[in-house]
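# Coordinate inspection notes
One letter stands for each residue in the lines below.
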Amino acid sequence: MSKAGAAKAAPKPSVFAGQLITILISVDTNTILANPGVDPSQVIFMTDNNSGGGSTGQGTDELNTACHLGDSIQWRITAQNQQTPVEFLAFRNSNGVVFGFNPPAGGPNLYQAEAVTQGQETYQILILINGTQTYSWDPYVTCS
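Quick summary incoming for the structure in this document.

Analysis parameters
- All residue numbers refer to positions counted from 1 along the written sequence of the respective chain.
- Per-residue local features are limited, in this predicted model, to residues with pLDDT of at least 70; the limit for side-chain atom pairs, both in listing and counting, is 80 or more; totals at the level of whole chains, interfaces and linings are taken over all residues.
- By convention in this description, side-chain values take in all heavy atoms of the structure and omit both hydrogens and water.
- Any residue under 20% of the maximum accessible area for its type is buried, any over 50% is exposed, and the rest in between are partly exposed; the area is computed with a 1.4 Å probe on protein chains only.
- Secondary structure elements follow DSSP: runs of H or I no shorter than four residues count as helices, runs of E no shorter than two count as strands, and numbering proceeds from the N terminus.
- At least two bridges found by DSSP between two strands are what make those strands a pair.

A few words on the pairing of strand β1 (residues 20–27). In terms of burial, β1 is largely enclosed, as six of its eight residues are buried. Pairing of β1 with strand β4 (residues 72–79) involves eight bridges; the strand directions are parallel. Residue pairing in the sheet places L24 in a bridge with R76 of β4. The pairing of β1 with strand β2 (residues 44–48) spans five bridges and is classified as antiparallel. Within the sheet, the bridge partner assigned to L24 lies in β2 and is T47.

Next comes the structure, spelled out in structure tokens:
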């Protein structure tokens, strides 16, 4: 078959389209308990498995997770010292509607949501440390 008659291969879909993106959150609980007003940039460290897909801010409190419509995003949390209890209390929408009217939901150490709208969303994560201290910060998700 000549080159002119060869069929073109269909473009491959994104590696993460309709896939699971996992965000790991490490919290410096010792510092927060000693100084509850500490800036999140000093005590929150977020990474996801999509840096090759466009996520930015890896290792910071300002992670901007890149995703596509239909992707599931899952958050897991742990204390840096692996001893102090830390758990999710809530996720709140600060600005944007990537998750639509279905905000992330879950339990103490795992939350999950699906990207249903394109755009950027700022969301707030509220956590509880050692059963006594609340703490929050505002990362991002960008859906294309």
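Bringing unusual backbone geometry into the picture now. Phi angles above zero are rare outside glycine, and Q82 is one such case at about 60°. Tracing the chain through its elements places Q82 in the loop between β4 and β5 (86–95). You will see that N130, though not glycine, has its phi angle at about 55°, which is positive. Looking at the element boundaries, N130 is found in the loop between β8 (119–129) and β9 (133–137). Of the residues examined, N130 reaches a relative accessible area of 41% and is grouped as partly exposed.

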